[in-house]
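What follows is each chain in one-letter form.
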Amino acid sequence: MCDTCGCHSPSSPLVVEVNKSLLAANDKAAHENRHRIEAMGAVGLNLMSSPGSGKTTLLEKTIELLGDRLRIGVIEGDIETERDADRIRAKGVPVVQLTTGGACHLDAPLVSRGLDALEQQLEGGGLDLVVIENVGNLVCPATFALGEHQRVVLLSVPEGSDKPAKYPSAFLTSQIFLITKTDLLPYFDFNVAEASAEALNLNPALQVMSLSATSGDGMDAWFDFLTKNRNYSGHAQKVHKTTEA
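Report on the accompanying structure. Values in this document were obtained by computation on a predicted structure and should not be read as measured data. Each chain carries its own residue numbering, running from 1 in the written order of its sequence. Per-residue local features are limited, in this predicted model, to residues with pLDDT of at least 70; the limit for side-chain atom pairs, both in listing and counting, is 80 or more; totals at the level of whole chains, interfaces and linings are taken over all residues. Water and hydrogen atoms were dropped before computing side-chain values, which therefore reflect all heavy atoms in the structure.

## Topic: empty space enclosed by the protein
Using the following cut-off: A cavity, in this analysis, means grid points on a 1 Å lattice covering only the protein atoms where a 1.4 Å probe fits yet has no way out; a pocket is instead an open set bounded by protein on both sides within 12 Å along at least five of seven lines, and a residue lines either one if it has an atom within 4 Å of a point. Grid points are joined across faces, edges and corners, and a volume is the space filled by probe spheres set on the points. A helix here means a DSSP run of H or I that spans at least four residues, while a strand means a run of E at least two residues long, and both kinds are numbered starting from the N terminus. Here the nonpolar group is Ala, Val, Leu, Ile, Met, Phe, Trp, Tyr, Cys and Pro; Asp, Glu, Lys and Arg are the charged ones; every other residue, Gly included, is treated as polar.
Within the structure shown, the criterion is met by 1 cavity of 30 Å³ or more. Each pocket or cavity is described by its volume, and for the largest cavity that value is around 40 Å³. Along the walls of the largest cavity sit Leu45, Leu59, Thr62, Ile63, Ile72, Leu129, Val131, Trp222 and Leu226, which together make up its complete lining. Breaking the lining of the largest cavity down by element, the ones donating at least two residues are helix 2 (55-66), strand 4 (129-133) and helix 8 (219-228). The leading source of residues in the lining of the largest cavity is helix 2, at 3 residues. Residues of the lining of the largest cavity, tallied by class, amount to 8 nonpolar, 1 polar and no charged.

In structure tokens:
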């Protein structure tokens, strides 16, 4: 059980009010984070999944093949260690490791500190894409906005195709659903049509893609999504300015 996110069942009205206050403060910080990401010229993505779904491998392949077309910065979230940040750092892009020390998700104030560290690495330059790799967990991360423009939920073939129905919040709050490790389909009882249908039943607006970062199958659709959305931030800035005016 996480001590910070209130993922346990509240036992009293006081707990409910504390959780509401925490979420309100988080949402305020997330709004500020989003403006900071846009000030970099970037689109923010929040990658959510269970541990081992292939988030870091997907990022490595994305940087390898799109790094000359998109300026990418990464914020890595884990309970402990710098291992994922070390893997991304080896690809030559700005990266910050955030360790939660036990919490099962990132929150917006912690990501704000990550943006501070990321900006220091840019030396006045901008980015096209800020990717936040959340802590491996299909439950709690869905509750906390981080300042992202889009949420991406990953489900790998070894996990089983029934997960959208079992963990609906992550799919309800995301815009992109990636079925990963499709090179393993011959070895696992995973029904792509079932997983897609259950996710779309929860959230008909989801964009579903199936891919393998290992074999490269399906990666073109992911790359197309990223390159087309590089202008999302500029559009969002115009909307915010018009709304504020």
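## Concerning the side chain of Glu76
To keep it simple, the criterion reads: Buried means the residue's accessible area, taken with a 1.4 Å probe over protein chains only, is under 20% of the maximum for its type, while exposed means over 50%, and partly exposed covers the values in between. Positive charges come from Lys and Arg, negative ones from Asp and Glu, while His and the chain ends are left out of the count. Basic side-chain nitrogens of Lys or Arg form a salt bridge, by our definition, when they fall within 4 Å of a carboxyl oxygen of Asp or Glu. Between two residues, a contact is recorded if the distance between any of their heavy atoms is within 4.5 Å.
Among the structural elements, Glu76 can be located in strand 2 (residues 72-78). Buried and unpaired, Glu76 has Lys55 as its nearest opposite-charge partner, separated by 7.4 Å. When sequence neighbours within four positions are dropped, the list of residues in contact with Glu76 reads Thr56, Leu59, Asp84, Ala85, Ile88, Val95, Val96, Gln97, Leu98 and Glu133.

## Remarks on the packing of aromatic side chains
Note the following rule: Here is the rule: rings of Phe, Tyr and Trp (six-membered ring for Trp) pair when centre to centre is within 6.5 Å. Planes less than 30 degrees apart are stacked, more than 60 are edge-to-face, and the remainder are tilted.
Tallying each qualifying case throughout the model produces 2 aromatic pairs. Where Phe171 meets Phe177, the ring centres are 5.1 Å apart and the plane angle is 90°; that geometry is what we call edge-to-face. Each member of the pair, Phe171 as well as Phe177, carries the same accessibility label: buried.

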